[in-house]
Amino acid sequence: MSSDALTIERSALEQLAALLLERAGLKVTPDGYNGLRLALQARMPATGLDDAGEYVRRLKQLAGEHELRALLPLVTVGKTEFFRDSRQFAAFENEVFPELLKFARREARPVRAWSAGCATGEEPYSIAMVGLDRGALPNEVECWATDLNPVAVENAARGRFAIRRLLGVSEPRLARFFNLVDGQYEVTPQLRDMVHFDGHNLAAPIWPQVKPQSKDLIFCRNVIIYFDQPTILAVMDRFYDSLRPGGWLFLGYSESLFRLPTRFEMIEVGGVFIYRRPMRGGTTSAMTTVVRAPTTSTPIPAPAPEVVKTVERPTPKALPLVVGLQIPRSTAAMPSPVLRAAQPPGTGTPVQRLDQIIVDIERGDFPRALRLAHALAEDSPDDLAARITLGNVHALMGNIDEAREAYQAALQREPLSVEARLYLGIAAMQAGEPEVARQEFTRALFLEPTLALGHYLLAQVHERRSDPEAARRSYRNAINQRKGPPHALIGHFPDLPTSNEAIAQAAQYRLAALSER
Ligand SMILES: C[S@@+](CC[C@H](N)C(=O)[O-])C[C@H]1O[C@@H](n2cnc3c(N)ncnc32)[C@H](O)[C@@H]1O
């Protein structure tokens, strides 16, 4: 059965939109029904169903949860823009690309770039524009652009953009690289020919399409936020193998491998941090400063004792109900040793600035944490971690409305953010709204069923709702995650445990307490 042969009635789309809202909190208005239709066309043939109503009925059942989860990334297109993160693009344009072009010319080959998780194509077209602006000939730059979402890939390959999406493109570039067609801006054939789009799942364990050491640079920005830690490590390993020695990896503004053991070195270029596969023989180019060269044997650094002092915290107005969680936090949630050299407030990389905020939260200096979090969110309105951290500081100060506003802003940017859902649940508990909390934790768990903390918090809501049976079930689910994958959540919230083992112990304790009643 060809997917084109499918007829999809509007009522099926309406039911699907309602289901997405209930399970994942995803709002799809009738404007987005065409995207739903394309996603159904992509998924339905694999299930052997050709009736959309039947397919949606299956999604509603427990057995259809897996399929609904598989559909999710196809119905949301991640936010993106041309020349997103201008500082990174400046470093790429002024320092990284000219060096790569010089090497590639010496070897009489093109510069090979990969935009991994390219969404609707703004990123790879930006890379190609930089190449031409820096004097490369069109056949001197090859950009492979991939995404899991076939709808995004299809739109990207079309290369047509409404004017509102071209805000980051300068006038000269608009004139040079776009033609006005039917009221929209279309990339020129020359630019389009430099970018080749494909569907590709980064989380798949092998990437047969990618030859070892075939890429000079990889942009994978604002994508690994979707992955758990083992997946991130596996993806980084495969990126490493795909890059030539000396090849560059650009991650998102606040995405960092800082606490993860990888073979990449982190290098400062023009004031931003970029990862690099070390050159053969370990030499580094003259333009760069190596900040840190982690190896697989690098232990996760412990916090600097002079910074992470245990200072008595003033009691915030309202703390979330987290019964029985008197558990030491793992070092993974602690600030990095970069802070040893105390940064002036509001300066440093986004990761360092987030770390400063954590230090202030731990010290109990909430007003300063709030100031810094506001400044960070303002400087990088697009940054998920900044939004969520701002929400957390508000929540800790008892400003529940402001906290919710910040989490909603995070969801605007990343509709599938597990953290935003989880923290919205905590805010609802603080506000004394257990039914809302139950809904948000359930959504977080739909997005990430192995999230031990989500099961634990859901159990606590059930306790509040005087539903001990459901509470027991959820505590057992939390305990079952003991050997499950760890989840490094964006955003710091004191007194929430981070390790599955700690959560399992707390759940066992609560389970025993419930049985004694
Ligand atoms: C927020 S967008 C980022 C777009 C662009 N890289 C940027 O920074 O502007 C994230 C993209 O990652 C894609 N994505 C998520 N999981 C993926 C996976 N497993 N494999 C490939 N792409 C994935 C999503 O479909 C989405 O288009």
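Before going into details, it helps to say that this report is about the structure given with it. (Residues numbered from 1 in each chain as written. Predicted model: local features only at pLDDT ≥ 70, side-chain atom pairs only at ≥ 80, totals over all residues. Heavy atoms only, no water.)

Close to the ligand lie 20 residues; T80, R84, G117, D147 and N222 are nearest. One of the side-chain N or O atoms of R84 is found 2.7 Å from an oxygen atom in the ligand. Here R221 contributes a backbone N or O atom positioned 2.9 Å from a nitrogen atom of the ligand. Calculation on the ligand without its partners gives an accessible area of 610 Å², and the protein chains cover 97% of this total. Partitioning the shell around the ligand into residue classes produces seven nonpolar, seven polar and six charged. (Near = heavy atom within 4 Å. Polar contact = N/O pair within 3.5 Å; in protein donor to acceptor, adjacent residues only side chain to side chain. Areas by Shrake-Rupley, 256 points an atom, 1.4 Å probe, with all protein chains shown as cover. Nonpolar A, V, L, I, M, F, W, Y, C, P; charged D, E, K, R; others polar.)

The next thing to look at is the sheet that holds strand β3 (residues 160-161). What links the strands of a sheet is backbone hydrogen bonding, and the strands pair in either a parallel or an antiparallel sense. In spatial order, the strands read β3-β5-β4; together these three strands make up an open sheet with antiparallel pairing. Each edge of the open sheet is held by one strand with a lone partner, namely β3 and β4 (178-181). Bridging between β4 and strand β5 (residues 184-187) involves four bridges; their strand directions are antiparallel. By the bridge assignment for β5, L180 is matched with Y185. (Pairing = 2+ DSSP bridges. Helix = DSSP H or I, 4+ residues; strand = E, 2+ residues; numbered from the N terminus.)

If you look at the biggest cluster of nonpolar residues, it comprises 86 residues, and the most contacted ones within it are L16, L20, L36, L40, L71, L72 and F441. In terms of residue count, the dominant contributor to this core is helix α15 (residues 418-430) (nine residues). Taken domain by domain, this core gets at least three of its residues from each of domain 1 (3-75) and domain 3 (331-516). Residues in contact with L20, not counting those within four places in the same chain, are G25, L26, V28, L36, L68, L72 and V75. Core analysis: the next-biggest nonpolar cluster, separate from the first, contains 45 residues, F83, A104, W248 and V272 among them. (Core = buried A, V, L, I, M, F, W, Y, C linked by side-chain atoms within 4.5 Å. Buried < 20%, exposed > 50% of the residue type's maximum accessible area, 1.4 Å probe, protein only. Domains from an automatic or database assignment. Contact = heavy atoms within 4.5 Å.)

An ideal rise of 1.5 Å per residue puts 30 Å on 21 residues; helix α5 (residues 86-106) measures up with 29 Å between its terminal C-alpha atoms. Largest kink in α5: about 40 degrees, centred on F92. Inspection of α5 places Q88, F89, A91, F92, E93, V96, F97, E99, L100, L101 and A104 among the buried residues, and these make up the whole buried set. Backbone geometry just after α5 places A108 at a positive phi near 55 degrees. (Expected span 1.5 Å × (residues − 1). Bend = angle between axes of the 7 residues up to and from the residue.)

So, on to the state of the cysteines. Counted by the stated rule, this structure contains zero disulfides. The thiol of C118 is not disulfide-bonded; the next cysteine sulfur, from C143, is found 8.4 Å away. The class for C118 is buried, based on a relative accessible area of 1%. (Disulfide = S-S within 2.5 Å.)

A few words now on the pairing of strand β10 (residues 272-276). The two faces of the sheet receive side chains in turn, since in a regular strand these alternate between them. Counted residue by residue, β10 has four buried out of five residues, so it is predominantly covered. Relative to β10, strand β8 (residues 243-251) runs antiparallel, the two being bridged by two bridges. Within β10, the residue paired with W248 across the bridge is R276. Judged from the five bridges that link them, strand β9 (residues 265-269) and β10 form a sheet pairing that is antiparallel.

Another point: the side chain of T188. With respect to the helices and strands, T188 occurs in the loop between β5 and α9 (189-194). If we skip the residues at most four places from it in the chain, T188 touches R176, F177, F178 and N179.

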